[in-house]
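Letter by letter, the chains look like this.
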Amino acid sequence: MYVLCSPCILTPSLRAKGITKPSDLELFGRTKQRCRKFGIDMVPLPCPETLYLGPDREPGTFLERLNTAEFATLADKLTKQVYDLIKAGGPPLCILGVNSSPTCGVTTTYYGSEGDTPAKRTGRGVFLSRFPEVAAMDVATFCRYRIYLAAPLFSEAERSYNASIAALLEKNLFEVYKPQEKGDDSDTRDTDEQERLFAQNRAALEKSDIVVAIIDGADADSGTAWEMGYAFARKKPVIALRTDFRRVGNHEQVNLMLEQSSVVVTDTSQLLGAVNSPVNRKTDA
């Protein structure tokens, strides 16, 4: 299993001068952590910008710096190299790009201004656009892989269902924190253990990139609701899975506050789309 990736994810010095921030390096680092954890090989794409303009280049848009016949010829040559690589190694899991890049942007690119059109446009960069059949993910999306599973865990049925959801997410290359496997499995805890579990779960929430909350039932579990609210306040994406077909009103499935602070999905297929699973991707993100 491998991903093709923008080479600057592995070698940030390939980027144009002055554009790399500490937050970019953090995204690149967490992307590499995810690949190491799940045994994903990172195969760098060639960098047409560096090959054409050199490593010590100023930032610029495609129209400003790369809109030449010579660059098009170079890009043709590099495109063939990439397709030869795919032919030899099989289809990649996806391409990992870096949004805004004139060549390797995924959903946004600095193409350049034409008339009233802004310099930054929606769509892939000019190099990644040469591989439309290969799904692509922005590095900022791919690096969000640590999931906190918030769910009721008081019966065998609940714990089994939670475990099945966690296994599905792990199969899709996510790291899942499951409170039921961290000691939250008994009603005979003393005060010290209560405090320890609360601190442990809150720390896991802080560390998580995404919260997946199971809100089946006539009403959402109170602990799950607290975890959802805490995550929302910390500006973490919350995905609420509700397979229960019951509704509490014309506009609500279970609770207005929970639904307005999360993305509600009704089956596991929608869940995998909402958390941006890199497995069998159909669209860019």
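Rules used in this analysis
Residues numbered from 1 in each chain as written. Predicted model: local features only at pLDDT ≥ 70, side-chain atom pairs only at ≥ 80, totals over all residues. Heavy atoms only, no water. Helix = DSSP H or I, 4+ residues; strand = E, 2+ residues; numbered from the N terminus. Contact = heavy atoms within 4.5 Å. Areas by Shrake-Rupley, 256 points an atom, 1.4 Å probe, with all protein chains shown as cover. Lys, Arg positive; Asp, Glu negative; His and termini not counted. Charge placed at Lys NZ, Arg CZ, Asp CG, Glu CD. Axes fitted to C-alpha atoms, helices over the stretch in contact; angles between N-to-C directions. Parallel < 35°, antiparallel > 145°, perpendicular 65-115°, else oblique. Left-handed = near helix turned anticlockwise from the far one by under 90°. Pairing = 2+ DSSP bridges. Core = buried A, V, L, I, M, F, W, Y, C linked by side-chain atoms within 4.5 Å. Buried < 20%, exposed > 50% of the residue type's maximum accessible area, 1.4 Å probe, protein only. Salt bridge = Lys/Arg side-chain N within 4 Å of Asp/Glu carboxyl O. Right-handed = clockwise from strand over helix to strand, strands pointing away.

Engineer: Just checking my understanding: could you explain the overall build of the protein for this structure?
Structural biologist: A tally of regular secondary structure across the protein gives 11 helices and 11 strands. For the protein, the C-alpha atoms occupy an extent of roughly 70 × 40 × 35 Å along the three principal directions. Considering only intrachain contacts with a sequence separation of at least 6, the fraction spanning at least 24 residues in the protein is 69%. Taken as a whole, the protein presents about 14400 Å² of accessible surface, with 52% of it coming from carbon and sulfur. Considering the protein, the positive charge centre built from 35 side chains and the negative charge centre built from 37 side chains are found 6 Å apart.

Engineer: Any chance you could explain the packing of helix H8 (residues 191-207) against helix H9 (residues 222-233) here in plain terms?
Structural biologist: When two helices pack together, their arrangement is given by the angle between the helix axes and the distance between those axes. Interaxial distance between H8 and H9 falls to 10 Å at its minimum, and their mutual angle equals 45 degrees. The orientation of H8 relative to H9 falls into the category oblique. Once H8 is placed against H9, the crossing between them reads as right-handed. Residues Phe-198, Arg-202, Leu-205 and Glu-206 of H8 touch H9, and the partners they reach there are Trp-226, Glu-227 and Tyr-230.

Engineer: I keep staring at the sheet that holds strand E3 (residues 95-97) and nothing clicks. Help me out?
Structural biologist: In any sheet, the strands associate via hydrogen bonds between backbone groups, in a parallel or an antiparallel arrangement. Taken in spatial order, the four strands make up an open sheet running E2-E1-E3-E6, and their pairing is parallel. Of all strands in the sheet, those bounded by a partner on one side alone are strand E2 (41-44) and strand E6 (136-138). Between one strand and the next, the sheet's axes are offset by a mean angle of 30 degrees, whatever the strand orientation. Summarising the sheet, strand E1 (residues 2-5) and E3 pair through two bridges and their orientation is parallel. The residue bridging Leu-4 from the neighbouring strand is Ile-95, located in E3.

Engineer: I would appreciate a short explanation of the sheet that holds strand E10 (residues 238-241) in the present structure.
Structural biologist: If you trace the five strands from one edge of the open sheet to the other, you get E8-E7-E9-E10-E11, paired in parallel fashion. Either end of the sheet is taken by a strand with one partner, and the two such strands are strand E8 (175-177) and strand E11 (263-265). Geometrically, the sheet is characterised by an average inter-axis angle of 25 degrees between neighbouring strands, direction not taken into account. Direction of pairing for E10 relative to E11: parallel, over a ladder of three bridges. Following the sheet pairing, Ala-240 is matched in E11 by Val-264.

Engineer: I keep staring at the nonpolar core and nothing clicks. Help me out?
Structural biologist: Leu-169, Val-212, Leu-271 and Val-275 are the most contacted members of the largest nonpolar core, which has 18 residues in total. Broken down by secondary-structure element, the contributors of at least two residues to this core are strand E7 (146-150), helix H7 (156-171), strand E9 (210-214), E10 and helix H11 (268-274). Not counting chain neighbours up to four residues away, the residues in contact with Leu-271 comprise Ile-165, Leu-169, Val-212, Ile-239, Leu-241 and Val-265.

Engineer: Before we go on, may I ask you to explain the pattern of salt bridges in this structure?
Structural biologist: Two side chains that carry opposite charge are able to pair once their charged atoms sit near each other. Taken as a whole and assessed by the stated rule, the structure comprises 17 salt bridges. Residue Glu-58 pairs with Lys-17 through a salt bridge whose shortest N-O separation is 2.9 Å. Of the two residues, Glu-58 sits in the loop between helix H3 (48-53) and helix H4 (62-65) while Lys-17 sits in the loop between helix H1 (7-10) and helix H2 (22-37), which places them 41 residues apart along the sequence. Here Glu-58 falls in the partly exposed class, since its relative accessible area comes to 44%. Taking the shortest distance from any N to any O, the salt bridge between Asp-84 and Lys-80 comes out at 3.0 Å. A residue pair is termed a helical-turn pair when its members lie 3 or 4 positions apart in one helix, as Asp-84 and Lys-80 do in helix H5 (residues 69-89) at four residues. Residue classification places Asp-84 among the partly exposed residues on the basis of a relative accessible area of 39%.

Engineer: How do you make sense of the side chain of Thr-31 when you look at a structure like this?
Structural biologist: Relative to the helices and strands, Thr-31 resides in helix H2. For Thr-31, a relative accessible area of 0% corresponds to the buried category. Non-local contacts of Thr-31, meaning those with residues more than four positions away in its chain, are made with Ile-9, Met-42, Leu-96, Val-139, Phe-142 and Cys-143.

Engineer: Hey, could you run me through the pairing of E10 in this one?
Structural biologist: The side chains of a regular strand alternate, residue by residue, between the two faces of the sheet. Of the two faces of E10, the one carrying Val-238 and Ala-240 and the one carrying Ile-239 and Leu-241 are both buried. Bridging between E9 and E10 involves four bridges; their strand directions are parallel. Paired with Val-211 across the two strands is Val-238, which belongs to E10. Regarding topology, H9 serves as the crossover connection from E9 to the parallel E10, and that connection is right-handed.

Note that every value here comes from positions in space, so none of it alone points to a role or purpose.
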